[in-house]
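# Tertiary structure, described
Next come the chains, spelled out residue by residue.
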Amino acid sequence: VAIANGVRIIVYDRERQIEETMKVMGLKSGVNWLSWFISNFFSMLIMAFIIVLFLKLGSLMRFSDPVLLWLFLACFSLAVTMLCYLISAFFDRTTLAALTAIMVYLMSYLPYVLVITMNTSLLFWHKIIMALSCTTALSMGTQIVANFEQQGVGVQWDNVQGGFYYG
């Protein structure tokens, strides 16, 4: 929902020529983008905080550092925000842009299916290329976090680099 809404807001401004009207009134174009970025990104950061809060209070992530979990979700939020901006650059119609954003977001999960099925035969650089997809990177990261939680260690500041090579 956040992805479709983020794309919809940008394309709606372009469709209704609100951005051009603001430029005529003296507003710089970067300010409009920055306001969209701040509102979209910070709402996702708040959602990430709530998710980490539920994970810690629900004892699902007992051993992991909550700050690291939040940073992990914050990086994902930044990637999704940038994906919204990328998708919005190609459209002038609000509905089509929102639907396409949802489709692209869902399709970006497909490389993770390859990671699951071919994990033992994939090289390190194959995984890096697949991690360029934000949802695949999130899935790979959550798998690593879950593996550390199963070991009773959790993701901590001293083992975060070693987790990248794990899995």
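Described in the following lines is the structure provided in the data block. Keep in mind the model is a prediction, meaning the values are calculated, not measured.

### Considerations on the overall build of the protein
Along the protein, the regular secondary structure elements total nine helices and zero strands. For the protein, the spread of C-alpha atoms along the three principal axes comes to 60 × 35 × 25 Å. Evaluated residue by residue, the protein yields a buried proportion of 35% over its 167 residues. Restricting to contacts in the protein with at least 6 residues of sequence separation, those with at least 24 account for 70%. By element, 72% of the accessible surface of the protein is carried by carbon and sulfur atoms, the whole surface being about 10400 Å². Side chains of the protein carry 9 positive and 8 negative charges; the gap between the two charge centres is 3 Å.

### Digging into unusual backbone geometry
Positive phi is not limited to glycine here, since Gln17 has a value of about 60 degrees. Here Gln17 shows up in the loop between helix 1 (2–15) and helix 2 (18–24). Non-glycine residue Ser59 carries a positive phi angle of around 60 degrees. Along the chain, Ser59 turns up in the loop between helix 3 (29–57) and helix 4 (66–88).

### Details of helix 8 (residues 134–150)
Under the 1.5 Å per step criterion, the end-to-end length of helix 8 is 24 Å for 17 residues, consistent within 8% with the ideal 24 Å. Count one or two residues on from helix 8 and you reach Gly152, which has phi positive near 80 degrees.

### Brief notes about the packing of helix 3 against helix 4
Relative to each other, helix 3 and helix 4 sit at 145 degrees, their axes nearing to 9 Å. At the point where helix 3 passes helix 4, the crossing takes the right-handed sense. Within the contact between the two elements, helix 3 uses Trp33, Trp36, Phe37, Asn40, Phe41, Met44, Leu45, Ala48, Phe49, Ile51, Val52 and Lys56 and helix 4 uses Pro66, Leu69, Trp70, Leu73, Ala74, Ser77, Leu78, Val80, Thr81, Met82, Cys84 and Tyr85. Of the residues assigned to the contact of helix 3 with helix 4, the class counts are 20 nonpolar, three polar and one charged.

Cut-offs applied
- Residues numbered from 1 in each chain as written.
- Predicted model: local features only at pLDDT ≥ 70, side-chain atom pairs only at ≥ 80, totals over all residues.
- Heavy atoms only, no water.
- Helix = DSSP H or I, 4+ residues; strand = E, 2+ residues; numbered from the N terminus.
- Buried < 20%, exposed > 50% of the residue type's maximum accessible area, 1.4 Å probe, protein only.
- Contact = heavy atoms within 4.5 Å.
- Areas by Shrake-Rupley, 256 points an atom, 1.4 Å probe, with all protein chains shown as cover.
- Lys, Arg positive; Asp, Glu negative; His and termini not counted.
- Charge placed at Lys NZ, Arg CZ, Asp CG, Glu CD.
- Expected span 1.5 Å × (residues − 1).
- Axes fitted to C-alpha atoms, helices over the stretch in contact; angles between N-to-C directions.
- Left-handed = near helix turned anticlockwise from the far one by under 90°.
- Nonpolar A, V, L, I, M, F, W, Y, C, P; charged D, E, K, R; others polar.

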